[in-house]
Amino acid sequence: MTAVPPASQEPNGEEPDYRFTLANERTYLAYLRTSLACYAGGLSAVQFLDLGRDRWPARILGIVLVGVGLITTAGAFRRWQANLTAMRRGDRLPVTRLPLMLGATIAAAGLIGLLFSLWR
């Protein structure tokens, strides 16, 4: 039993070179690792970031990081599918804003975490 049907049965075109398919899967897995790191960072912020009685900054930071992790997981799957479809059709790969969103959010969360650490 094969996971992917042969190229003759593909509704979206021809099967691309296996190296491109594997590279697409590695990118997908890298996004999943990033989303797992966002989950871990968010949960750690809520659990361990101690700013006295007021825990709302840690909760906000945790919610933002876990939310970004969820968006990254969904976006990674959509990107993997879109890239695979484009490769099978021989089209250009679609442009995504996911890396920009990830970079900006992680930088902002890091800056907020640094500011709250210095504020303490």
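Residues numbered from 1 in each chain as written. Predicted model: local features only at pLDDT ≥ 70, side-chain atom pairs only at ≥ 80, totals over all residues. Heavy atoms only, no water.

**Q** Got a minute to help me understand the overall build of the protein chain in this structure?
**A** Secondary structure assignment for the protein chain yields three helices and zero strands. Listing each helix as α and each strand as β along the protein chain from the N terminus yields α-α-α. Put simply, the protein chain has 120 residues, and 27% of those count as buried. Considering only contacts in the protein chain between residues 6 or more positions apart, those separated by 24 or more positions represent 66%. For the protein chain, the accessible area works out to roughly 8500 Å², and carbon and sulfur atoms hold 64% of it. (Helix = DSSP H or I, 4+ residues; strand = E, 2+ residues; numbered from the N terminus. Buried < 20%, exposed > 50% of the residue type's maximum accessible area, 1.4 Å probe, protein only. Contact = heavy atoms within 4.5 Å. Areas by Shrake-Rupley, 256 points an atom, 1.4 Å probe, with all protein chains shown as cover.)

**Q** Help me out: how do you make sense of the packing of aromatic side chains in this one?
**A** The relative placement of two aromatic rings is captured by the distance of their centres and the angle of their planes. Under the definition given, this model contains three aromatic pairs. Geometrically, the ring pair formed by Phe 77 and Trp 80 is tilted, given 5.8 Å between the ring centres and 35° between the ring planes. Placement of the pair is Phe 77 and Trp 80 together in helix α2 (residues 56-89), with a separation of three residues, close to one helical turn. Given the relative accessible area of 36%, Phe 77 is considered partly exposed. What links up through ring pairs into an aromatic cluster is the set Tyr 28, Phe 77 and Trp 80. (Phe/Tyr/Trp six-rings, centres within 6.5 Å; stacked < 30°, edge-to-face > 60°.)

**Q** Would you take a moment to explain the packing of helix α1 (residues 18-48) against helix α3 (residues 98-119) for this structure?
**A** If you want to describe how two helices pack, look at the angle between their axes and the distance between the axes. Two numbers describe how α1 lies on α3: the axes approach to 13 Å, and their chain directions differ by 25°. Regarding the angle of α1 to α3, the classification is roughly parallel. In the crossing of α1 with α3, the sense of the turn from one axis to the other is left-handed. Within the contact between the two elements, α1 uses Tyr 31, Thr 34 and Cys 38 and α3 uses Leu 98, Pro 99, Leu 102 and Ile 106. Here the residues of the contact of α1 with α3 sort into six nonpolar, one polar and no charged. (Axes fitted to C-alpha atoms, helices over the stretch in contact; angles between N-to-C directions. Parallel < 35°, antiparallel > 145°, perpendicular 65-115°, else oblique. Left-handed = near helix turned anticlockwise from the far one by under 90°. Nonpolar A, V, L, I, M, F, W, Y, C, P; charged D, E, K, R; others polar.)

**Q** Which parts of the structure should I look at to understand a nonpolar patch on the surface?
**A** Taken together, Leu 111, Leu 114, Leu 115 and Leu 118 make up a surface patch of nonpolar side chains, about 420 Å² in accessible area. By secondary structure assignment, the location of Leu 118 is in helix α3. The class for Leu 118 is exposed, based on a relative accessible area of 65%. (Patch = residues over 30% accessible without salt bridge, like charges linked within 9 Å, V, L, I, M, F, W, Y side chains within 5 Å. Salt bridge = Lys/Arg side-chain N within 4 Å of Asp/Glu carboxyl O.)

**Q** Teacher, can you tell me more about the environment of Gln 47 here?
**A** Note on placement: Gln 47 falls in helix α1. Using a relative accessible area of 54% as the deciding quantity, one classes Gln 47 as exposed. Sequence spacing of Gln 47 and Gly 62 is 15 residues, and the spatial spacing of their C-alpha atoms is 8.9 Å.

**Q** How should I be thinking about α3 in this particular structure?
**A** For an α-helix, the turn length of 3.6 residues means that residues three or four places apart are oriented alike. Here α3 contains 22 residues, and its C-alpha end-to-end distance of 31 Å stays within 8% of the 32 Å for a straight helix at 1.5 Å per residue. In the core, the buried residues of α3 are packed alongside α1 and α2. (Expected span 1.5 Å × (residues − 1).)

It is worth stressing that arrangement in space is one thing and function is another; only the former is reported here.
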